[in-house]
Amino acid sequence: EAGVAQSPRYKIIEKRQSVAFWCNPISGHATLYWYQQILGQGPKLLIQFQNNGVVDDSQLPKDRFSAERLKGVDSTLKIQPAKLEDSAVYLCASSLLLGHTDTQYFGPGTRLTVL
Amino acid sequence: QQQVKQSPQSLIVQKGGIPIINCAYENTAFDYFPWYQQFPGKGPALLIAIRPDVSEKKEGRFTISFNKSAKQFSLHIMDSQPGDSATYFCAASALFQGAQKLVFGQGTRLTINP
């Protein structure tokens, strides 16, 4: 079974530029998550989708971050404009269902550096 | 209230030793406690998980101890090996307003010396 795919793996941009990350979850997984992992910290949930609907985006900085999940499969996360403090690894995860004991499977992440 | 505190931040153990990583939480709504293992350049992967109705769970060399009254839980790695060197995250999960809320600790960077 293929895992969660993410691209690009690395991205370096200047502050105030925009950037987009792509995620392809495990086939058949209804729930998709985007996390931000700052160096030396645990992942922090940004947004959660159930199929193509948003379940929780309470921690998404909506003035600069946006995300969508087209047709309930792939997802993109966008930052516009980027700030220095956005430098982090952005992890995508998926789970079969929405239950709070469902295992979340993580992709390798995209490491973003904002200069 | 939705924080999970993890310690230590880093840990160095000799091969064969038993590293212990501790976590504490405040919110009693959390009722599922997974541990994740992360290698450099990889995403976290589920290692072992426990529910608060049991005090201990063992899978291979990995054991979770859970103290519900103290709201604390810990990970023990028996007969540790250099291949166990990784960052370990405890987490706590609950269903909040119809959505899974998974809150991670800050992580422990574990090094097992040969």
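Here's a quick rundown of the structure. Position labels on residues start from 1 in each chain and follow its written sequence. Lettering for chains starts from A, numbering for ligands starts from 1, and both go in the order in which the items are written. Residues qualify for local features only when their pLDDT is at least 70, as the model is predicted, and side-chain atom pairs are given and counted only at 80 or more; totals for whole chains, interfaces and linings, by contrast, use all residues. The basis for every side-chain value is the complete set of non-hydrogen atoms in the structure, without hydrogens or water.

1. Side note on the pairing of strand 6 (residues 53–56) of chain A
Residues and elements named next belong to chain A.
Right, so step 1: Whether two strands pair depends on DSSP finding at least two bridges between them. Note on conventions: DSSP H or I runs of at least 4 residues are helices, E runs of at least 2 residues are strands, and numbering of each starts at the N terminus. Pairing geometry for strand 5 (residues 44–50) and strand 6, over 3 bridges, is antiparallel. Residue Q50 lies in a different strand from strand 6, and its bridge partner there is G53.
Right, so step 2: The antiparallel pairing of strand 5 with strand 6 creates a hairpin that spans 2 residues between the two strands, and N51 there sits at a positive phi of about 55°.

2. Observations regarding the state of the cysteines
Residue and element names in this part refer to chain A.
Right, so step 1: Any cysteine sulfur atom paired with another within 2.5 Å is treated as part of a disulfide. Within the structure shown, the criterion is met by 2 disulfides over all chains.
Right, so step 2: Here C23 engages in a disulfide with C92; their sulfurs sit 1.9 Å apart. Since a negative S-S torsion denotes a left-handed disulfide, the C23-C92 link at about -70° is left-handed. Here the residue C23 occupies a position in strand 3 (residues 19–24), and C92 occupies one in strand 9 (residues 88–95), the gap between them amounting to 69 residues.

3. Describing the pattern of salt bridges
Close approach of charged atoms lets side chains of opposite charge pair.
Right, so step 1: What counts as a salt bridge is simple: a side-chain nitrogen of Lys or Arg found within 4 Å of a carboxyl oxygen of Asp or Glu. Enumeration over the complete set of coordinates arrives at 7 salt bridges over all chains.
Right, so step 2: Residues A:K62 and A:D57 are paired through a salt bridge, measuring 3.8 Å at the closest nitrogen-oxygen approach.
Right, so step 3: Burial classes: relative accessible area under 20% of the type maximum marks a residue as buried, over 50% as exposed, and values in between as partly exposed (1.4 Å probe, protein chains only). The class for A:K62 is partly exposed, based on a relative accessible area of 48%.
Right, so step 4: Note that B:E59 and B:K57 form a salt bridge whose closest N and O atoms lie 3.6 Å from each other.

4. Focus: a nonpolar patch on the surface
Right, so step 1: Surface patches are defined over residues having more than 30% relative accessible area and no salt bridge, joining like charges when they lie within 9 Å and nonpolar side chains (Val, Leu, Ile, Met, Phe, Trp, Tyr) when within 5 Å. What sets the accessible areas is the Shrake-Rupley method with a 1.4 Å probe; for residues, cover comes only from the shown protein chains. A grouping of B:I18, B:I20 and B:M78 is seen on the molecular surface, where their side chains present a nonpolar patch of about 240 Å² in accessible area.
Right, so step 2: Structurally, B:I20 can be placed in strand 3 (residues 20–25).

5. A closer look at unusual backbone geometry
Peptide bonds are trans in most cases, and residues, glycine excluded, mostly fall at negative phi.
Residues and elements named next belong to chain A.
Right, so step 1: S7 connects to P8 through a cis peptide bond whose omega is -10°.
Right, so step 2: Within the secondary structure, P8 sits in the loop between strand 1 (5–7) and strand 2 (10–13).
Right, so step 3: Cis geometry marks the peptide bond from Q80 to P81, where omega comes out at -5°.
Right, so step 4: Structurally, P81 is set in the loop between strand 8 (75–79) and strand 9.
Right, so step 5: Even without a glycine there, the phi angle at N51 is positive, about 55°.
Right, so step 6: In this structure, N51 sits in the loop between strand 5 and strand 6.
Right, so step 7: Unlike most non-glycine residues, K71 shows phi in positive territory, near 55°.
Right, so step 8: With respect to the element layout, K71 can be found in the loop between strand 7 (65–69) and strand 8.

By themselves, these are just geometric observations and shouldn't be taken as functional.
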